Amino acid sequence: MKYDFEKRIEKLRKLFDVLKVDAMTIYQGTNIEYLTGFDAGSGEGMLSLDRTHALLVTDGRYEEALTGNLPDGVDLKITRDYYGDTAKALNEWQADTVGFEENLPFNVFDFLDSELDSNFVPTPAPIEALREIKDVDEIENLRQATRRSVAAFNQLLNWIKTGQTEREIANQLDYFARKEGLEKTSFDTIVASGENSAKPHGTASERRIKQGDLLTIDFGYYYHHYTSDITRTLAVGPVDDKLRNIYEIVKEAQKRAIEAVKPDVSLSDVDSAARAYISSKGFDKEYNHGGGHGAGLDIHEGPAVSPRSTDEAVSGQMLTIEPGIYLSGLGGVRIEDDILVTKDGFENLTDGITRDLITIEN
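Residues numbered from 1 in each chain as written. Predicted model: local features only at pLDDT ≥ 70, side-chain atom pairs only at ≥ 80, totals over all residues. Heavy atoms only, no water.

On a plain count of helices and strands, the protein comes out with 11 helices and 19 strands. Relative to the globule expectation of 21 Å for 362 residues, the C-alpha radius of gyration of the protein, 23 Å, shows essentially globular dimensions. Along the longest, intermediate and shortest principal axes, the C-alpha atoms of the protein span 70 × 40 × 35 Å. Each of the 362 residues in the protein was classed as buried or not, and the buried ones make up 56%. Considering only contacts within the protein whose residues lie at least 6 apart along the sequence, 66% involve residues at least 24 apart. Separation of charge centres in the protein, based on 40 positive and 64 negative side chains, amounts to 6 Å. (Helix = DSSP H or I, 4+ residues; strand = E, 2+ residues; numbered from the N terminus. Rg over C-alpha atoms; globule rule 2.2 N^0.38 Å. Buried < 20%, exposed > 50% of the residue type's maximum accessible area, 1.4 Å probe, protein only. Contact = heavy atoms within 4.5 Å. Lys, Arg positive; Asp, Glu negative; His and termini not counted. Charge placed at Lys NZ, Arg CZ, Asp CG, Glu CD.)

Here you go:
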């Protein structure tokens, strides 16, 4: 799929005056990928640009793949001295102030700071801000990632049986995802059953699922570099009435938060739509994480859906909405969907999976 990388670079350059810089150097792999298509990851090169120049520095492993395939105006330098050649280029460009990403590793910062003739200053995540708003092609990849992930999960529902281990279930879901043409997991697939489901970020273990368990499955897969992020909680046979009750509370809370999504609404208000409902039912202390986040090239991107968020929803964002209640020693519930903010409101990209409580009968 062809992205307009030149347009993305120009958008970044237009932010230079606001950032009070004359140039930027970029280390983070997903930011380099967003601007150039080079997807080797962090630490495999450096991208630098001022108002008229752009240079990608990497080594000979990537020369054949990149030669002739970079955006117009981006030069390629093949060397093992990523940071020395980056500093040399920036000095030749004679930028007064060079910005760097705030999460630049200290050793790289320390070297560049000593080698540059320019002031070397942190910038408040301008590329990440640009990445929050997806273009048409990015949205199509997100649609494919979510649709294929939904298809894989729905296949899994016919496969799960009492007595299987959490790890077996996670591995089988990953297998179905691969069959659907998805590239890789965006995190280790979470399958947490029984008391383990009370851990918001539990890991798949050798515990065998049994009658009366809640079973939380949290999964995400990449399609053409863009990822899904979905969670469903299932019942294994009849479950305790208290667990069924918290499921219904979480389901209603999530519905309220999703329906609050529209352009210009505060994302703290979206979070509050779910959190206030859960609190009204007496489970405020049992909901102990944020209400969601952005996703795209990374599984966790801005903006945050949380009580502390200062952002507003903007058309083109993809947000997860994922409230939960966790009862220590008993079990927990989380329901997560991928929500695209549209000009008129929202679109649920993962509505191919029911949010009603699914029961595994065998």
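The full count for this structure, using the stated rule, is 11 aromatic pairs. Judged by centre distance (5.1 Å) and plane angle (75°), the ring pair of Phe38 and Tyr62 falls under edge-to-face. Placement of Phe38 in the loop between helix H3 (29–36) and strand S2 (46–50) and of Tyr62 in the loop between strand S3 (54–58) and helix H4 (63–66) is noted, with a sequence separation of 24 residues between them. Look at Tyr62 and you get buried, because its relative accessible area is 19%. (Phe/Tyr/Trp six-rings, centres within 6.5 Å; stacked < 30°, edge-to-face > 60°.)

This brings us to the pairing of strand S15 (residues 324–327). Looking along a regular strand, one sees the side chains alternate between the two faces of the sheet. Here S15 shows two buried faces, one formed by Gly324 and Tyr326 and the other by Ile325 and Leu327. Alignment of S15 against strand S16 (residues 331–334), held across 4 bridges, turns out to be antiparallel. Bridging across to S16, Leu327 finds its partner in Gly331. Linking S15 back to S16 in an antiparallel pair, the connection comprises 3 residues, with Gly329 at a positive phi of about 80°. (Pairing = 2+ DSSP bridges.)

Axis separation between helix H10 (residues 241–259) and helix H11 (residues 267–280) bottoms out at 7 Å; the angle between their running directions is 155°. The pairing of H10 with H11 is recorded here as roughly antiparallel in orientation. With respect to the hand of their crossing, H10 and H11 are arranged in right-handed fashion. Of the residues in H11, those touching H10 at Ile249, Glu252, Ala253, Arg256 and Ala257 are Val270, Ala273, Ala274, Tyr277 and Ile278. Tallied by class, residues from the contact of H10 with H11 come to 8 nonpolar, no polar and 2 charged. (Axes fitted to C-alpha atoms, helices over the stretch in contact; angles between N-to-C directions. Parallel < 35°, antiparallel > 145°, perpendicular 65-115°, else oblique. Left-handed = near helix turned anticlockwise from the far one by under 90°. Nonpolar A, V, L, I, M, F, W, Y, C, P; charged D, E, K, R; others polar.)

The buried count for S3 comes to 5 of 5 residues, which makes it a mostly enclosed element. Across 4 bridges, the pairing between S2 and S3 is antiparallel. Bridging from a neighbouring strand, Met46 pairs with Val57 of S3. In this structure, the hairpin formed by S2 and S3 is closed by a connection of 3 residues.

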